[in-house]
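# Summary of structural features
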Amino acid sequence: MNDLLLNNFFTITDLQYDEDNPDKLHAALQLNAAHTIYEGHFPGNPVVPGVCIIQMIKETLSQHFDKALIMVKADEVKFLSIINPIENPDIELDYKIKHPGDELVHVNVVISHGEHTFMKFRGSFR
């Protein structure tokens, strides 16, 4: 893995799957509000860029499977509210994973903090 995780944009603080239901994965991430990306997005009002959120989904999933994955399809991407890394430095990603028998991994992901949902994503990785 490389990309955002190794560039200190975020840290995976917890990554676990339900042993009774291995199709569910939970990840807790801590955002680095001091990262240089926020100098341009946006000065004085940092917002996690949407493309970086999708990258966090991919990198967390790659770490879970211990292999590099690439996104091959995004069926649904719903940005419900912005993620300000100062106000919400800790976020949670809850995955529902489907393996249809081919090399693809299909996921539904909800990104939230407590009762607040930031984004919903449905897509496929290989």
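Everything that follows concerns the structure shown earlier in this document.
Computed from a prediction, not measured in an experiment: that's the story for all the values here.

## Overview of the side chain of S62
Locating S62 in the fold gives a position in helix α2 (residues 50-65). A polar contact of 3.2 Å, which involves the side chain of S62, links it to the backbone nitrogen of L69.

## What to know about a negative patch on the surface
On the surface, D14, D90, E92 and D94 cluster together into a negatively charged patch. Ranked by residues supplied to the negative patch, first place goes to strand β4 (residues 90-98) with three residues. Among the secondary structure elements, D90 is positioned in strand β4. On the basis of relative accessible area, D90 is assigned to the partly exposed category, the value being 35%.

## Overview of the packing of aromatic side chains
Scanning all chains against the criterion turns up two aromatic pairs. Look at F121 and F125: their rings are 6.1 Å apart centre to centre, the planes differ by 45 degrees, and that puts the pair in the tilted class. Just as F121 is buried, F125 falls in that class too.

## Some remarks on the pattern of salt bridges
Tallied over the entire structure, the rule returns five salt bridges. The residue D75 makes a salt bridge to R122 at a minimum N-O spacing of 4.0 Å. Within this pair, whereas D75 is found in strand β3 (residues 71-79), its partner R122 is found in strand β6 (residues 116-125), the two being separated by 47 residues in sequence. Exposure remark for D75: the relative accessible area of 36% places this residue in the partly exposed category. Ionic pairing is found between K78 and E76, a salt bridge with its closest N-O pair at 3.3 Å. Classification of E76 as partly exposed rests on a relative accessible area of 25%. Through salt bridges with shared partners, a single network forms among K73, D75, E76, K78 and R122.

## Quick look at the pairing of β6
Pairing between β3 and β6: seven bridges, direction antiparallel. Within β6, the position partnered with M71 by the bridge is F125. Where strand β5 (residues 105-113) lies against β6, nine bridges are found, and the strand directions are antiparallel. Opposite H113, over in β6, you have H116 as the bridge partner. The antiparallel pairing of β5 with β6 creates a hairpin that spans two residues between the two strands, and G114 there sits at a positive phi of about 65 degrees.

Definitions and limits used
Residues numbered from 1 in each chain as written. Predicted model: local features only at pLDDT ≥ 70, side-chain atom pairs only at ≥ 80, totals over all residues. Heavy atoms only, no water. Helix = DSSP H or I, 4+ residues; strand = E, 2+ residues; numbered from the N terminus. Polar contact = N/O pair within 3.5 Å; in protein donor to acceptor, adjacent residues only side chain to side chain. Patch = residues over 30% accessible without salt bridge, like charges linked within 9 Å, V, L, I, M, F, W, Y side chains within 5 Å. Areas by Shrake-Rupley, 256 points an atom, 1.4 Å probe, with all protein chains shown as cover. Salt bridge = Lys/Arg side-chain N within 4 Å of Asp/Glu carboxyl O. Lys, Arg positive; Asp, Glu negative; His and termini not counted. Charge placed at Lys NZ, Arg CZ, Asp CG, Glu CD. Buried < 20%, exposed > 50% of the residue type's maximum accessible area, 1.4 Å probe, protein only. Phe/Tyr/Trp six-rings, centres within 6.5 Å; stacked < 30°, edge-to-face > 60°. Pairing = 2+ DSSP bridges.

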